[in-house]
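Structural overview for review
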Amino acid sequence: MQFSDQITRSPIPYHPDRGNEIVRGFDNLPAPLADLVKGTAGCSPYLASIMHREANWLRTAFDDPDKKIADLFADIRQTPLDQLNKILRIAKARIAGITALADLGGIWPLEKVTQTLSDFADVAVDVTIKALLSAEIRRGKMPGKSEADIENACGMVVLAMGKGGAGELNYSSDIDLICLFDDSQFSPDDYQDARASFIRVTRRMCALLSDITGDGYVFRTDLRLRHDPSVTPVCVAMRAAEQYYESLGRTWERAAHIKARVCAGDFNAGNAYLKRLEPFIWRKHLDFAAIQDAHDMRLRIREHKGLGGPICLEGHNMKLGRGGIREIEFFTQTRQIIAGGRDPSLRSSKTVVALRALATKGWVEPEIADILITRYREHREVEHRLQMINDAQTHDLPKTADEFDRLARFIGEGETPNLRKSLHTALAQVHELTEGFFAPEDEQPETDLPDGGDDIIARWQAYPALRSSRAVAIFERLRPAILERINKTANPIESLLQFDKFLSGLPAGVQLFSLFEANPQLIDLIVDICGTSSDLAQYLARNSQVLDAVLGGAFFSDWPDQDGLKSDLDAVLARAQDYETRLDSARRWMKEWHFRIGVHHLRGLVDAQTAGRQYAELAQTIVAGVWPLVVDMFREKHGVPPGNGAVILAMGSLGAGRLNARSDLDLIVIYDADGVDSSDGKRPLSTRLYYARLTQAMVTALSAPMAEGRLYEVDMRLRPSGRQGPVATSVQAFEAYQMDEAWTWEHLALTRARLIAGPKDLQSRVEKIRRAVLLGKCKGGKIIRDVIEMRTRLLEAKPALHMWEAKLGQGRMQDIELLAQTAALLSACPKTAVSDHIKAGQAANWLTKSQANTLQAAYDFFWSLQSVTKLLSDTPLEMTGLGERGCDFVLRETGAKDATDLERDMTFHATAVQKLVEARLKA
C-alpha cells in the first residue's frame, strides 16, 4: 500500500504559508500526502528545514520507507571513519524526516516510530566504536587485537539504557549508554593499555555523535547511568561493574537495568554479562520494599526539578511531572522488580508489553493496565510533537497561548481548549492511578490493646526485625491494622502472644513489612495462622519468603494433578543455571507448595485425607525432579551410570501415597549394572561404588540444610539388610534377598513400595519383582506368627506416651497399618494404599465387611488427628495448650464436639481396633 494511502490523520498548519512553500518542493504529491507535508511544515520549523533539504530522498522513501531505511543503515555500515561525521548527520535528518511524517500521518504506530529511532541509534553507536577501535589497532594501541577482532569490537560492549534500551527512543532523545569492556580477554600486563584505549574510544564516540556541526548532530550521549559516574571511567571493566552491583547496587540501578540491552560491540560478551547480572536485577523473592524506594525516588525527582504541586498545564513536564510518562514507567518497573524474579514473563523492557504481562499475571488490574497503556501512548505522542517543533530535548508543555495553539494544530486539534481539557484529564487520571500505589496511606489511629498487651509490645523494639529505622517506619504504619485484626480474634491476648513469637523469629523486617503494606490481606492470613498454630507461625518467621506464593495468583486455585506439578517444577528448574541453583530453586518451590497445603488444610479448604495425598504427590514430584539433576551432576564427574541406571523405590507412607506435614521419606535405590564393571567418566568408579556414591549424593540433595532449607529427611533403613547393607542395591541382589533372605516384616514393607523415579524400563522390572515376591510369600501361617511377634516388639519399643497419641499404641494407626499390610501380603495385593489393603483383606474374606469398615473409619479418624497434630506442632498434642483456634481446628478435623468428646472417640476407635487386631492375629 502506498504511503499516502495509509494516512489517517494530519496536522493543521499553524503557518500555512510555510507549509505551502515546502509542498512546492515536492512534485505532484497525492492530496493526502500534500496535506501531511503542508501541515507538518506549517507547525515545525525543524521539519520544514529537513523536508526542504531532503526532498529528493524523502520522495523516493515514500515508495517503500522500510527498504529505504534498511539501505540507509547498510550504507552507514560501509562508511569509513573520516566520513562518518557527515554521513551520520545526514542520515539523522533523513530518519527524522520520514519517521516524523509516518508518525504524524498515523501510518506507523508509536512502537514502530520509537523502534526505528532506536535502531538508528544502535547502528550509529556500533559503527562509530568499531571505526574508532580499528583506528586504535592501526596505531598499535589495542594490545593483542587485530582487524579480525573488529567484528566483536575487541571485547567492548555498549549497553543501551532507558528508552533506548527498550527500543522506545523519543523523537529528540539523547541516548543513555553504559560502556564496558570484557577484561577477561586481556592479560594482566595488557589490562591498563587496553583500558586506556577503550576510554579513548568511548570519549571520541561521544564527541563524534554529539558535537554540533554545520550538518547538525547525531545524538546527545549520556554516560551517567554507569555505577559511581563521578569516580569511574567512561568505559568500565565488566568484572568491576559486576562486583559493584553484587555488593552495592541500589533499587534505582536495578530498575534501570530492566531496560538494559546490548546495542553495540561484542554482543556475546554483553549478553553473557547481563545474564550474570540477573540475580542483582531480579531478586528470587517478591520485593515489595522496592515500592518505598521508587516512591522516595519520585519525590526526590519532583523536589529537584521543582515539579511538586497541583497540575498546571503551562510548562507542565510531560515526562517527570505529575501524571506524566515517568509515573507510568515507575508504576510498571516497580511491579516488575517486585515479581520479575519469580516470573520471567514479566521482564520485558518495553512499557506496554510489560503492562500487558503484569495484567495477565494479576499484578495490575486489566482495566488499569488498559488505561495506562492508552495514556502512555498519548503522552508519548504529545512529547514527540513538543520535540518535533524545534528538535529540542524538551518535555514541557507550552507556557504561552500562542504556543499552545501551535501544539494543538500540530496534534490535529482545531480547538485548543479541547486539547487542554484532554491533557488535564489524562494527567490527572494517571496521577490518581499511580500515586495510590506508591504513597503510603495515612497512619490509622492506634487500636486499643487487649489486657496485658502493653508488656508484649514493649518487647518489639528489641527484635531483630525492627533494628533498622526503615523497618520501624514501615511497621509503625502497619501496627494499627495488625492490632485491629488481632482484637477481632476470639482470644486477642493469645493471638497477640502468637504474633509476638512470629515477630521475634524474623531475622529482618523491611521486605516482609513492605509486602504486608502492599498486600493487607496477608495480615489477615498471618493473624489467622498466629491464632491457630504457633509452630506454623514460627515456620513462617524463618521462611517468610513462602508468602510470595500467596501472591502468585494461583495460591487458592485447585490442586494440579501429578503431571501439572511436574510441569511446574520442570519450568522452575529450567530457569536455573547450575546444579546448586537448581536445588535451591527446588527447595523454594517445595516450600511454597508445602506451605500452600498447610494453609489450605488450616483454613478448611481441604481435609486431612486430601492434604495427606497432596503432601505425598509433592514429595514424589520433588524426588522425581531432583533425581535427574543428581544423575547429571554425577555423570559429569564420573561418567554415564553403568548399565541401565537406577530407580528410586518409595517405601512407608510415601509409598502408600499419604504423608503429613512433617513426614520423612523412606527410600530405596535399586540399580541394574547389566554386567558393566565401572563407569567411563573422567574419574571412573566401580559400578557398586558409583551407585553408592550416587545414592549418597541424592540423600544430600534432599536432606542437607542449605540457605533455602532442606527438602526432606531421608530414611534408607528399609533397604535390604538395613543399616548394614549397601545404600544402593543391584536389582539382582534385591530380588535374591527378597526371595531368599528377607524377613516377613520386609515383605510387609513391600506392600507399600512404589516406584517414583528412574528409567521406566527398570521401574517395570522392579515392579514385576515386587509383585512376584508378594505372590511367592503370601502363603502359610508363618506370616501371622511373625506379625504377632513383630506387633509385640513394636508395642514394647514404641508405646503411646500420651493420651492424644494417634500413631503409636494399641488400636491406633500403627496397629491398623500392620493389620492392613498383613491383609495385603496374604492376598498378594499389588496396590500400596492402606485403604486398598483393607479392601483386599475383605475381598480375600480375611476381613468381614464390618471389620473393614471399622478399620477404615478408625484409620481416617486417627489420620486426621495425626495430620492436624503434625501441622500444629512438632511436640505431642496438648489440647489445653493449643489455644482456642488450635482446638477448633482439631475438633473440626476429627468431627468431635469438644475435648471430652474427642477423648471418647479415641477410646472408642482404639478399643474396637485393638479387639479386631487381636482377633485376627492369632497363632
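Everything below is about the structure printed above this text.
What comes next is a walk through the structure.

Definitions and cut-offs
- Residues numbered from 1 in each chain as written.
- Predicted model: local features only at pLDDT ≥ 70, side-chain atom pairs only at ≥ 80, totals over all residues.
- Heavy atoms only, no water.
- Helix = DSSP H or I, 4+ residues; strand = E, 2+ residues; numbered from the N terminus.
- Buried < 20%, exposed > 50% of the residue type's maximum accessible area, 1.4 Å probe, protein only.
- Contact = heavy atoms within 4.5 Å.
- Lys, Arg positive; Asp, Glu negative; His and termini not counted.
- Charge placed at Lys NZ, Arg CZ, Asp CG, Glu CD.
- Axes fitted to C-alpha atoms, helices over the stretch in contact; angles between N-to-C directions.
- Parallel < 35°, antiparallel > 145°, perpendicular 65-115°, else oblique.
- Left-handed = near helix turned anticlockwise from the far one by under 90°.
- Nonpolar A, V, L, I, M, F, W, Y, C, P; charged D, E, K, R; others polar.
- Salt bridge = Lys/Arg side-chain N within 4 Å of Asp/Glu carboxyl O.
- Core = buried A, V, L, I, M, F, W, Y, C linked by side-chain atoms within 4.5 Å.
- Pairing = 2+ DSSP bridges.
- Expected span 1.5 Å × (residues − 1).
- Arc of directions from axis to C-beta.
- Phe/Tyr/Trp six-rings, centres within 6.5 Å; stacked < 30°, edge-to-face > 60°.
- Lys NZ or Arg CZ within 6 Å of the ring centre and 35° of its normal.

A word on the overall build of the chain. Looking only at helices and strands, the chain features 39 helices and 10 strands. For the chain, the C-alpha atoms occupy an extent of roughly 115 × 70 × 55 Å along the three principal directions. Residues classed as buried in the chain amount to 57% of the 923 residues present. Long-range pairs, those at least 24 residues apart, make up 75% of the contacts in the chain between residues at least 6 apart in sequence. Positive and negative charge centroids in the chain, built from 115 and 124 side chains respectively, lie 3 Å apart.

As a packed pair, helix H10 (residues 238-248) and helix H12 (residues 267-281) sit with axes 10 Å apart at the nearest point and diverge in direction by 15 degrees. One element, H10, and the other, H12, form an angle in the roughly parallel class. Relative to H12, the crossing made by H10 is right-handed. Contacts between H10 and H12 involve Met238, Ala241, Glu242 and Tyr245 on the former and, on the latter, Ala269, Gly270, Tyr273, Arg276, Leu277 and Phe280. Among the residues making up the contact of H10 with H12, the classes are represented as 7 nonpolar, 1 polar and 2 charged.

Right, let's talk about the environment of methionine 790 for a bit. With respect to the helices and strands, the residue methionine 790 is situated in helix H34 (residues 782-797). Given a relative accessible area of 24%, methionine 790 falls into the partly exposed group. Non-local contacts of methionine 790, meaning those with residues more than four positions away in its chain, are made with Trp745, Leu748 and Leu818.

A complete count under the given rule lists 48 salt bridges for this structure. When the shortest N-O distance is used, the salt bridge between glutamate 253 and arginine 250 registers 3.4 Å. With a closest N to O distance of 3.5 Å, arginine 710 and glutamate 713 form a salt bridge. Overall, arginine 710 belongs to the partly exposed group, its relative accessible area being 33%. Residue glutamate 713 is classed as partly exposed on the basis of its relative accessible area of 41%. What emerges from the salt-bridge pattern is a single network uniting Arg9, Asp103, Glu381 and Arg385.

Another point: the nonpolar core. One finds Trp460, Phe499, Phe502, Phe513, Ile622 and Val626 to be the most contacted residues of the largest nonpolar core, which totals 152 residues. Counting residues per element, this core draws most heavily on helix H28 (residues 608-638), at 15 residues.

What follows deals with helix H3 (residues 45-53). Of the positions making up H3, those classed as buried are Tyr46, Leu47, Ala48, Ile50 and Met51. On its buried side, H3 packs onto helix H1 (16-23), helix H2 (31-43), helix H4 (55-61), helix H6 (81-104), helix H16 (366-390) and helix H17 (401-411).

The element strand S1 (residues 156-160) is extensively covered by neighbouring structure, given that 5 of its 5 residues are classed as buried. Every second residue of S1 is oriented toward a common face, with Met156, Val158 and Ala160 on one face and Val157 and Leu159 on the other, all of them buried. Note: S1 against strand S2 (residues 175-181), 5 bridges, orientation antiparallel. When the bridges of S2 are listed, valine 158 appears paired with cysteine 179. For S1 and strand S5 (residues 261-265), the ladder comprises 4 bridges, and the chain directions are antiparallel. The residue of S5 that forms the bridge with valine 158 is alanine 264.

Two residues of an α-helix separated by three or four positions point the same way, owing to the 3.6 residues in each turn. Here helix H33 (residues 760-776) is 17 residues long and its end C-alpha atoms lie 24 Å apart, about the 24 Å a rise of 1.5 Å per residue gives. Residues Leu762, Gln763, Val766, Glu767, Ile769, Arg770, Val773 and Leu774 constitute the buried set of H33. When H33 is viewed along its axis, its buried side chains cluster within an angular range of 160 degrees and face the same direction. With respect to the buried face of H33, the exposed residues turned more than 90 degrees away are Lys760, Asp761, Lys768, Leu775 and Gly776.

Let us look at the packing of aromatic side chains. Under the defined criterion, the tally for this structure stands at 15 aromatic pairs. Among the aromatic residues, those joined into a ring-pair cluster are Phe181, Phe186, Tyr191 and Phe198. It is lysine 92 that lies over the ring of phenylalanine 219; its NZ or CZ is 4.9 Å from the centre. A cation over an aromatic ring shows up here: arginine 658 above the ring of tryptophan 863, its NZ or CZ 5.2 Å from the ring centre.

When you line up the elements, histidine 257 lands in helix H11 (residues 251-258). Those residues within four positions of histidine 257 in sequence are excluded, and the remaining contacts are Met161, Ile178, Tyr245, Leu277, Phe280 and Ile281.

Looking at where proline 628 falls in the secondary structure, it is placed in helix H28. Residue classification places proline 628 among the partly exposed residues on the basis of a relative accessible area of 38%. Sequence separation between proline 628 and arginine 770 is 142 residues, and the spatial gap between their C-alpha atoms is 24 Å.

Closest axis-to-axis distance for the helix H35 (residues 813-826)/helix H37 (residues 849-872) pair is 9 Å, and the angle between their directions is 135 degrees. By the angle between their directions, the pair H35 and H37 is classed as oblique. The two elements H35 and H37 meet at a crossing, and its hand is left-handed. Only Leu855, Ala858, Tyr859, Phe862, Trp863 and Gln866 of H37 make contact with H35, whose side of the interface consists of Met813, Ile816, Glu817 and Leu819. Taken together, the residues that form the contact of H35 with H37 break down as 8 nonpolar, 1 polar and 1 charged.

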